[in-house]
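The chain contents come next:
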Amino acid sequence: MKLIMNENFNNETIAFDGFSFKNCCFTNCVIIITTLDFNFEGCSFFGSALHVNPNLPVFEVSHRLSQSAYDTDTQCFRDDYKYPRTTVPLPVSSVH
């Protein structure tokens, strides 16, 4: 993955696929996500629109996008260490 650091993007269309963004700012941009092959940390988004492939798992995309804030407890940008991913069994229900 190609690393892009400390850049300010204004009024641009940017494909996230294949890139890792660190400490970047996106203002009034169109961001295109077609795969999960992207990463970012410490980025800011202002007035930008996301165009996400509808076949991608929404929770995985949401989790990645929610990691733009720094977690001082874990001293990292991802919360996987503080809140590990777990599988929780769902209750079984029946329709009558």
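Refer to the preceding data block for the structure.
Now for a description of the structure that goes with this document. Since we're looking at a predicted model, the values are computed, not measured.

Throughout the structure, instances matching the rule amount to 11 aromatic pairs. Geometrically, the ring pair formed by Phe9 and Phe21 is edge-to-face, given 6.0 Å between the ring centres and 85° between the ring planes. Residue Phe9 is located in strand S2 (residues 8-10), and its partner Phe21 is located in strand S4 (residues 19-22); the two are separated by 12 residues in the primary sequence. By relative accessible area, Phe9 is classed as buried at 11%. Residues Phe19 and Phe21 carry aromatic rings whose centres are separated by 6.1 Å and whose planes lie at 35° to one another, so their mutual orientation is tilted. Within the aromatic cluster, the residues linked to one another by ring pairs are Phe9, Phe16, Phe19, Phe21, Phe26, Phe38, Phe40 and Phe45.

What follows covers unusual backbone geometry. Backbone geometry at Asn23 places phi at a positive 55°, although glycine is not the residue there. With respect to the secondary-structure elements, Asn23 resides in the loop between S4 and strand S5 (25-27).

Across the sheet, three strands lie side by side as S1-S4-S7; this open sheet has parallel pairing. Since the sheet does not close on itself, it has two edges, and those belong to strand S1 (2-5) and strand S7 (39-41), each with one partner. Neighbour-to-neighbour, the strand axes of this sheet turn through a mean angle of 15°, independent of strand direction.

The rules behind these values
- Residues numbered from 1 in each chain as written.
- Predicted model: local features only at pLDDT ≥ 70, side-chain atom pairs only at ≥ 80, totals over all residues.
- Heavy atoms only, no water.
- Phe/Tyr/Trp six-rings, centres within 6.5 Å; stacked < 30°, edge-to-face > 60°.
- Helix = DSSP H or I, 4+ residues; strand = E, 2+ residues; numbered from the N terminus.
- Buried < 20%, exposed > 50% of the residue type's maximum accessible area, 1.4 Å probe, protein only.
- Pairing = 2+ DSSP bridges.
- Axes fitted to C-alpha atoms, helices over the stretch in contact; angles between N-to-C directions.

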